[in-house]
Amino acid sequence: MTRTNPDNPKRDTLLNNLFRSINKDPVIKGVKRAWFTVSISILITACLIFISLPKEQVIGTLIDYGPEPGASWYKLKWSRILIVNLSFLFLTISLAYWTAKLLMRISRLRGIKRDGLLPRQQYIIVAVYVLPWIGLALAYWGAAEALTPDGGLMIFFTHPFAYLPIVTLIIFLQPVFIWHHQLLDSLRSNIYGEGEIQSLLARFATIVLVVLSIIFVISPYWGIPHFNSVGVARFLGPIAITAIGLGVFTSLGSWLLLMGRRHKLAYFAMVILVVFIWGALNINDNHPVRGVIAEKPAEKKEFSEVAADWAKSRGVNTSTDPELPYIIVSAEGGGVRAAYFTASILGRLVDRCPDAARRIVAISSVSGGSVGAAAYVAAVHNNDDIRKRDGCNFNENSINNALGAGNLEQRLQKILGEDHLSPILARAVFPDAVGQLLPLSDSISFADRQLGLEHSLSRSFSAEFGHDQIRAGLSNFALSDKSPFTPILFINTTQVSDGSVVAGSQFQFKKEKFQNIKTFGDVDSTFDPTLISIAATSARFPYLSPAGYIGNGVKRERFVDGGYFDNSGAEVSQVIYRKLWNYLNSVPSGSENEGDNTSLNGQQKIILVHIGNGLEKNCQGIEKKANRRGCPDDKKTGRFSEMLSPLQAVLNTRSGRTDLTVSTLEELSAAPNNTTVVKFQLYDCDVKVPLGWYLSDVAESEMRAQLTPADDDSCRNGAWKNNQRSFNKLGAFFGDG
């Protein structure tokens with residue numbers, strides 16, 4: 001029965017007829033039937049065009065970095081471009097094939113019957129095939145514009161990226177011409193009909209999923225070079241892995257929809273419901289923090305006891321050695337750029353001023369800074385070659401002679417400059433996605449996508465240093481005279497249940513005596529996390545890396561990125577500073593002066609070194625004091641301000657709190673207590689260095705340039721001058737020169 005409006009029955013009838021005609025339109029009916037593949041095609045295209053993907057990920061994964069600006073500055077990685085285009089070919093063919101099957105009036109799982117399509121529905125098949133290619137072509141063009149300041153038609157004369165849209169459009173047209181060639185008449189008839197070929201096509205996605213899942217679960221230490229989970233993932237690259245994964249799940253999702261139509265059951269919805277139920281019951285959570293179980297709980301100590309162990313390992317007498325300072329390092333978060341920059345600063349300390357590196361008492365790190373600190377500690381611990389170094393000279397032309405053929409700074413940069421994003425994505429898209437369907441929890445922890453990052457870092461470290469010490473438990477990094485460069489570690493994470501900071505350390509502290517900062521021993525006194533696992537837990541980027549859990553016999557406690565609590569690492573370093581100051585100046589625990597380090601003029605010198613990995617903006621010239629994170633003129637309200645303002649405030653609070661904590665740290669140098677603050681900073685200059693786990697050659701060169709002199713007035717050279725001043729300020733305490 002049709003409802004009509006008595007006041008205007010004619011208008012109501014017209015609207016009803018309009019809606020009825022729209023619903024009967026073959027294209028509209030086709031979009032409804034093939035909603036799954038149409039949605040994926042539109043989503044891919046939108047991501048490539050609108051979410052700044054070309055400016056970061058496309059540039060990062062497809063180009064090399066040359067030594068000089070100009071036409072030869074960017075050199076294309078043709079092998080990677082070929083892999084990306086082939087993966088897109090697989091994705092778009094999958095979209096077109098399964099769209100055609102979903103459009104058929106009689107859902108046949110084998111083959112595509114030409115007369116099963118309504119008129120004009122062929123346009124839908126063409127659209128889902130063409131749209132992602134258009135998005136990729138526009139992404140290439142956007143990359144060319146981003147890398148060519150002049151823009152316009154000059155792009156064709158200055159940047160090879162401008163040719164890629166044309167090449168891409170030619171590539172996607174080739175399968176169309178080949179498919180309609182007369183030599184393939186028999187093949188087309190087989191696919192449109194019934195037979196073994198279409199049966200194989202229907203199962204092809206399952207075969208790809210199983211094969212790739214097995215490959216990406218295989219240990220990176222398998223004996224076949226390059227053919228392992230890390231090697232295969234790096235060969236494919238993040239864009240190709242994403243495209244292949246979307247192609248596979250397009251096929252499997254479409255197959256479930258077709259099976260549902262045949263049997264009148266919602267198989268697709270059932271699979272989604274099963275994953276939701278397993279997740280609600282926490283029985284498909286396969287993301288543990290990895291470690292070993294000790295035979296007995298470790299002894300909890302006062303900080304003064306641990307500080308005494310540190311002094312003993314260095315042969316330091318705190319009462320008779322007041323001249324040389326004690327150093328506490330804090331390292332900000334910031335993904336792979338934080339890991340790279342932190343390791344570069346710490347590595348340079350060992351290379352050029354071993355006397356200073358030997359005086360590092362503790363490192364408080366967060367997120368990516370924790371990964372850089374972990375790589376540094378694993379490299380210097382029990383390292384006989386480094387143990388023999390001494391002296392201090394930050395002159396750019398004078399590198400410590402003890403280096404020999406190797407350079408710790410460069411070796412750490414090599415490890416962290418590898419592609420660590422692809423192994424995470426490979427595990428996330430294939431084995432971990434399958435694992436979400438299985439209610440086996442701990443039994444399938446081998447499929448955890450976080451292992452992609454841990455295995456990738458471990459493999460790079462082992463290849464460079466010839467051992468896998470980075471995979472050892474934290475308790476193995478004890479303080480001794482054989483390891484005079486090993487500091488006390490505070491690798492900070494955030495506990496999900498109460499939002500508190502929980503630090504990974506070699507020691508367990510009495511938290512009531514340590515400002516309520518917990519270590520993992522407070523969660524499970526017998527659990528000893530590995531160095532790489534705890535560093536990766538501190539850097540669990542939202543959703544890309546899931547929350548990690550530790551089972552303590554009562555319930556599972558979950559931990560996420562340390563940046564949720566404080567992304568600077570400086571808040572914990574200030575607690576360490578107060579405890580160290582009290583210890584050095586013989587202020588007993590519980591006395592009225594405990595913690596009041598600003599009112600006493602202690603004789604012992606303390607240096608607080610802060611490594612800032614957030615991109616600081618150069619608003620007023622790099623030589624002057626720059627505003628942190630951004631400039632007032634750059635602050636824009638943006639679109640949808642009423643809707644997005646609360647979310648933006650929550651996200652910006654993280655950087656705002658970091659600014660406040662670092663400012664509080666810097667103020668400590670003004671107090672009359674022999675405290676000096678030295679700050680190293682990564683600046684926002686010519687290239688925006690990304691947060692993810694992949695550094696392009698461009699990004700690597702940008703960070704190296706900020707630590708290397710140049711004869712010009714560029715932002716990079718100004719950044720080097722500021723950082724070199726910090727090195728010189730630190731070296732002055734150790735007779736630099």
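The preceding data block contains the structure.
Residues numbered from 1 in each chain as written. Predicted model: local features only at pLDDT ≥ 70, side-chain atom pairs only at ≥ 80, totals over all residues. Heavy atoms only, no water.

So, on to the packing of helix 17 (residues 368-380) against helix 24 (residues 531-538). Look at helix 17 against helix 24: their axes get within 8 Å of each other, and the N-to-C directions meet at 165°. Considered as vectors, helix 17 and helix 24 are oriented roughly antiparallel to each other. You can see that helix 17 and helix 24 cross each other, and the crossing is right-handed. Contacts between helix 17 and helix 24 involve Ser370, Val371, Ala374 and Ala378 from the former and Leu531, Ala535 and Ser538 from the latter. (Axes fitted to C-alpha atoms, helices over the stretch in contact; angles between N-to-C directions. Helix = DSSP H or I, 4+ residues; strand = E, 2+ residues; numbered from the N terminus. Parallel < 35°, antiparallel > 145°, perpendicular 65-115°, else oblique. Left-handed = near helix turned anticlockwise from the far one by under 90°. Contact = heavy atoms within 4.5 Å.)

This model, assessed by the stated rule, comprises 17 salt bridges. We note a salt bridge from Arg411 to Glu464, for which the minimum N-O separation is 3.0 Å. Residue Arg411 is located in helix 19 (residues 408-416), and its partner Glu464 is located in helix 22 (residues 450-465); the two are separated by 53 residues in the primary sequence. (Salt bridge = Lys/Arg side-chain N within 4 Å of Asp/Glu carboxyl O.)

One can find Lys388 in the loop between helix 18 (384-387) and helix 19. Overall, Lys388 belongs to the exposed group, its relative accessible area being 63%. As for Lys388 and Pro484, which are separated by 96 residues in sequence, their C-alpha atoms are 9.6 Å apart. (Buried < 20%, exposed > 50% of the residue type's maximum accessible area, 1.4 Å probe, protein only.)

Our focus in this paragraph is the state of the cysteines. Scanning the entire structure with this criterion turns up two disulfides. With a sulfur-sulfur separation of 2.1 Å, Cys353 is cross-linked through a disulfide to Cys392. Classification of the bridge connecting Cys353 and Cys392 rests on its S-S torsion, roughly -100°, and on that basis the disulfide is left-handed. Here the residue Cys353 occupies a position in the loop between helix 15 (335-352) and helix 16 (354-357), and Cys392 occupies one in the loop between helix 18 and helix 19, the gap between them amounting to 39 residues. Each of the two residues, Cys353 as well as Cys392, counts as buried. Two residues share a disulfide in this structure: Cys685 and Cys715, whose sulfurs sit 1.9 Å from each other. On the S-S bond that ties Cys685 to Cys715, the torsion sits near -65°, and the link is left-handed. (Disulfide = S-S within 2.5 Å.)

How two aromatic rings sit relative to each other is given by the distance of their centres and the angle of their planes. Within this structure, the stated rule accounts for 13 aromatic pairs. Centre to centre, the rings of Phe36 and Phe268 are 5.3 Å apart; their planes meet at 70°, and the pair counts as edge-to-face. Taken as a pair, Phe36 in helix 3 (residues 35-50) and Phe268 in helix 13 (residues 267-281) lie far apart in primary sequence, 232 residues in all. Note on Phe36: relative accessible area 11%, which makes it buried. One aromatic cluster in this structure is built from Phe303, Phe490, Phe507 and Phe509. (Phe/Tyr/Trp six-rings, centres within 6.5 Å; stacked < 30°, edge-to-face > 60°.)

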